[in-house]
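Analysis of the macromolecular model
Residues per chain, in single letters:
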Amino acid sequence: MGKQHKFTMPHSLVIITGIMIAAAVLTWVIPAGIFERAENSAGVTVILPETFHFVASNHISLFSLPRYMVEGYSGSIDLILMILFSGGAFEVITSSGALQGVISKMARHFAKREELFIIGVMVFFALICTTIGVNTFMGFAPIMVMFALSLGYDSIVGVALILLGGAVGFSAGMLNLNTTIVSQRIAELPLYSGIGYRFFCFVVYLVATGFYLVRYARKVKKNPRLSPMYEEDLKTREMTVQEEIHGPLGVRKILVILALFVALGVIVYGGIRWGWSLKDNTAVFIWLGIVAGVLAGFSPSKIAQCFTAGAKRMIGAALILGLARSISEVLDAGGVLDTIVYAIGKGIYVIPKFLQGPVMFLANIIINIFIVSGSGQAAVVMPVFIPVSDMIGITRQTTILAFNFGDGFCNYILPMSTALMGNLGAVNVPYEKWMKFMGKLFVIWVAVGSLLLMIAQAIHYGPM
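Residues numbered from 1 in each chain as written. Predicted model: local features only at pLDDT ≥ 70, side-chain atom pairs only at ≥ 80, totals over all residues. Heavy atoms only, no water.

1. Observations regarding the overall build of the protein chain
- Along the protein chain, the regular secondary structure elements total 21 helices and four strands.
- Per-residue burial for the protein chain yields a buried fraction of 55% across its 464 residues.
- Of all intrachain contacts in the protein chain linking residues separated by at least 6 positions in sequence, the fraction that spans at least 24 positions is 80%. (Helix = DSSP H or I, 4+ residues; strand = E, 2+ residues; numbered from the N terminus. Buried < 20%, exposed > 50% of the residue type's maximum accessible area, 1.4 Å probe, protein only. Contact = heavy atoms within 4.5 Å.)

Given below as structure tokens:
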């Protein structure tokens, strides 16, 4: 009898390259089309729904894909540099042994309150991400993974604390400038209106997500072999939680930890209050690496060696992020994005009324595969979906909620999502192993969102 070969999920770069090839094929299958664009009364550039027309196709050759790959990396350079330099800074901190010492003490402190810790951290990131994206917190991922391992969980629990909390905070859209506020300006609704029901959605999603994560955490703690990351976590666990290896906390190590928290606090405050870009965050990580090295008593050469080693570990994540950006470059160059939006908008007309909200949710999930930018997707989708909602009797507020859910939640299963792949790459969690954990939760998210949208339709969620 011949041997049966077990299917192995391809490398993330292979998956993304396959999607990129599929995007190029679409430019040969889908006719190119375009909406004219103009500024609305709020000064936002939007498409004019009645102006859609077909144009000459621009077929993308497979031989030209490497050029679009380069464009994807060029367009993602700020994010790539932040990942590389944050990796360098954390390697300096890890080499000092300071982080391991703190984690050992925290593990003992939360020895009987682990689940409270999980919920508290997830809620923290959910609240912060009501205003900013998860990309800001890629530097936190190694810390959360070390905490999770020290408490007896796995790497997936650690990175999920950031990703799942951030997903709920961002996707519920209570205060999100890039999605909710842009959409409300396009729909000519009062800014921040409808926040009460969005808060209700935020709480419902937090409860469902927290229950799922705690249940998974219990399972892998009871039997670590059930974790998709079991083999990979064995060595990491040994490196991070044994205080006798790294020595007790001293003055130098405490100062290194203080420098870390100051730096992360500055990044969060800068993003919220000063509108900092990724370049500003990257500069903070450079300073963090230098200051932490000096406080740890390292020589300049030692700091440079650690920084280089940490940046090397992030190369894989940087390669994935740049390649993911290339997919939208191909679709945009082929002129098929507007055609896809136009076709989906037309299709919603024939859906039964009670399903139109959930169908808008699913439609935005499909569109988000092609347009991963929240504000960019709002500028393309809202001018089409708002007239559709007016015609079929769905409130504009419900339409924006469907957009928020569709744009937000699927970013945590798409291999071209920078928020997902950046955090996974920062802690060396392969995409395919993340999906073993995430697949069922995403189905739950879609079911919960569909129910919430049906309720929004039933109560005529407004104003408008």
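Past the structure itself, the notes keep going.
2. Re helix 15 (residues 315-334)
- When the terminal C-alpha atoms of helix 15 are compared, their 29 Å separation across 20 residues agrees well with the 28 Å that a helix rising 1.5 Å per residue should span.
- Burial within helix 15 is extensive, with 14 of its 20 residues counted as buried.
- Trailing helix 15 by a residue or two, Gly 335 shows a phi angle of about 75 degrees, which is positive. (Expected span 1.5 Å × (residues − 1).)

3. Details of the environment of Lys 253
- Relative to the assigned elements, Lys 253 resides in helix 12 (residues 251-273).
- Spatially, the C-alpha atom of Lys 253 lies 8.1 Å from that of Gly 101, the residues being 152 residues apart in sequence.

4. With respect to the confidence of the model for the protein chain
- Summing up the model confidence of the protein chain, the mean pLDDT is 82 and the portion of residues at 70 or higher is 87%.
- Across residues 241-246, confidence stays below pLDDT 50; counting only partners more than four residues off in sequence or on other chains, it has 13 contacts. (pLDDT = per-residue confidence, 0-100.)

5. Regarding the side chain of Asn 411
- Looking at the secondary structure, you find Asn 411 in the loop between helix 19 (396-409) and helix 20 (418-426).
- Since its relative accessible area comes to 10%, Asn 411 is described here as buried.
- At 2.9 Å, the side chain of Asn 411 forms a polar contact with the side chain of Asn 368.
- Excluding residues within four positions of it along the chain, Asn 411 makes contact with Asn 368, Ser 417 and Leu 420. (Polar contact = N/O pair within 3.5 Å; in protein donor to acceptor, adjacent residues only side chain to side chain.)

6. Considerations on the nonpolar core
- Ranked by size, the top nonpolar core spans 147 residues in total, and within it Leu 164, Phe 385, Phe 405, Trp 434, Phe 437, Met 438 and Trp 445 carry the most contacts.
- Sorting elements by how many residues they give to this core places helix 21 (residues 431-458) first, with 12 residues.
- Setting aside anything within four residues of it in sequence, one finds Trp 445 in contact with Leu 164, Ala 167, Tyr 205, Thr 209, Phe 361, Phe 409, Tyr 412 and Met 438. (Core = buried A, V, L, I, M, F, W, Y, C linked by side-chain atoms within 4.5 Å.)

7. Structural notes on the pattern of salt bridges
- One pass over the structure, following the stated rule, counts three salt bridges.
- Salt-bridge contacts for Glu 71 lead to Arg 67; the nearest nitrogen and oxygen are separated by 2.9 Å. Residue Glu 71 and its partner Arg 67 are both found in helix 2 (residues 65-75); the two are separated by four residues, about one turn of the helix.
- A relative accessible area of 29% means that Glu 71 is categorised as partly exposed. (Salt bridge = Lys/Arg side-chain N within 4 Å of Asp/Glu carboxyl O.)

8. A look at the packing of helix 6 (residues 141-150) against helix 7 (residues 155-172)
- Helix 7 packs onto helix 6 with a crossing angle of 135 degrees between their chain directions and a minimal axis gap of 7 Å. Taken together, the axes of helix 6 and helix 7 are oblique relative to one another. Note on packing geometry: the crossing formed by helix 6 with helix 7 is right-handed. Of the residues in helix 7, those touching helix 6 at Ala 141, Met 144, Val 145, Ala 148 and Leu 149 are Ser 155, Val 157, Gly 158, Val 159, Leu 161 and Ile 162. (Axes fitted to C-alpha atoms, helices over the stretch in contact; angles between N-to-C directions. Parallel < 35°, antiparallel > 145°, perpendicular 65-115°, else oblique. Left-handed = near helix turned anticlockwise from the far one by under 90°.)

9. Observations regarding unusual backbone geometry
- One non-glycine residue, Glu 188, adopts positive backbone phi at about 60 degrees.
- When you line up the elements, Glu 188 lands in the loop between helix 8 (177-187) and helix 9 (195-222).
- With a phi close to 60 degrees, Asn 428 is a non-glycine residue in the positive phi region.
- Structurally, the position occupied by Asn 428 is in the loop between helix 20 and helix 21.

10. Observations regarding the packing of helix 7 against helix 21
- Interhelical geometry of helix 7 versus helix 21 gives an angle of 30 degrees and a closest axis separation of 12 Å. When the axis of helix 7 is compared with that of helix 21, the two are roughly parallel. Viewed along their axes, helix 7 and helix 21 form a crossing whose handedness is right-handed. Residue-level inspection shows Ile 156, Val 159, Ala 160, Leu 163, Leu 164 and Ala 167 of helix 7 in contact with helix 21, the latter providing Lys 433, Trp 434, Phe 437, Met 438, Leu 441 and Trp 445.

11. Concerning the side chain of Asn 368
- Along the chain, Asn 368 falls in helix 17 (residues 356-370).
- A distance of 3.2 Å separates a polar side-chain atom of Asn 368 from the backbone oxygen of Asp 407.
- Once you skip the residues sitting within four places of it in the chain, Asn 368 turns out to touch Gln 377, Gly 406, Asp 407, Cys 410, Asn 411 and Leu 414.

12. Remarks on the packing of aromatic side chains
- Going through the model one piece at a time under the given rule, you end up with 18 aromatic pairs.
- Here the aromatic rings of Phe 35 and Phe 52 are separated by 5.0 Å at their centres, their planes lie at 55 degrees, and the arrangement is tilted. Of this pair, Phe 35 sits in the loop between strand 1 (33-34) and strand 2 (37-39) while Phe 52 sits in the loop between strand 3 (45-47) and strand 4 (53-54), and the two are 17 residues apart along the sequence.
- Their ring planes at 35 degrees and their centres at 4.3 Å tell us that Tyr 205 and Phe 409 sit as a pair that is tilted. Linking Tyr 205 in helix 9 with Phe 409 in helix 19, this pair joins segments that are 204 residues apart in sequence. Judged on exposure class, the residue Tyr 205 and its partner Phe 409 are both buried.
- Among the aromatic side chains, those forming a connected cluster through ring pairs are Tyr 205, Phe 361, Phe 405, Phe 409, Tyr 412 and Trp 445.
- Taking the ring centre of Tyr 68 as reference, the NZ or CZ of Arg 67 above it sits at 4.5 Å.
- Just above the ring of Tyr 153 sits the side chain of Lys 221; from NZ or CZ to the centre is 5.3 Å. (Phe/Tyr/Trp six-rings, centres within 6.5 Å; stacked < 30°, edge-to-face > 60°. Lys NZ or Arg CZ within 6 Å of the ring centre and 35° of its normal.)

13. Description of the environment of Ala 458
- Among the structural elements, Ala 458 can be located in helix 21.
- Classification of Ala 458 by relative accessible area gives exposed; the value is 58%.
- Distance from Ala 458 to Ile 394, taken between C-alpha atoms, is 9.7 Å for residues 64 residues apart in sequence.

14. Regarding helix 14 (residues 300-313)
- Across its 14 residues, helix 14 extends 20 Å between first and last C-alpha, which sits within 8% of the 20 Å expected from 1.5 Å per residue.
- Among the residues of helix 14, those classed as buried are Ile 303, Cys 306, Phe 307, Gly 310 and Ala 311. Burial along helix 14 is one-sided: seen end-on, the buried residues are contained in an arc of 135 degrees. Facing away from the buried surface of helix 14 by more than 90 degrees, the exposed residues are Gln 305 and Lys 312. (Arc of directions from axis to C-beta.)

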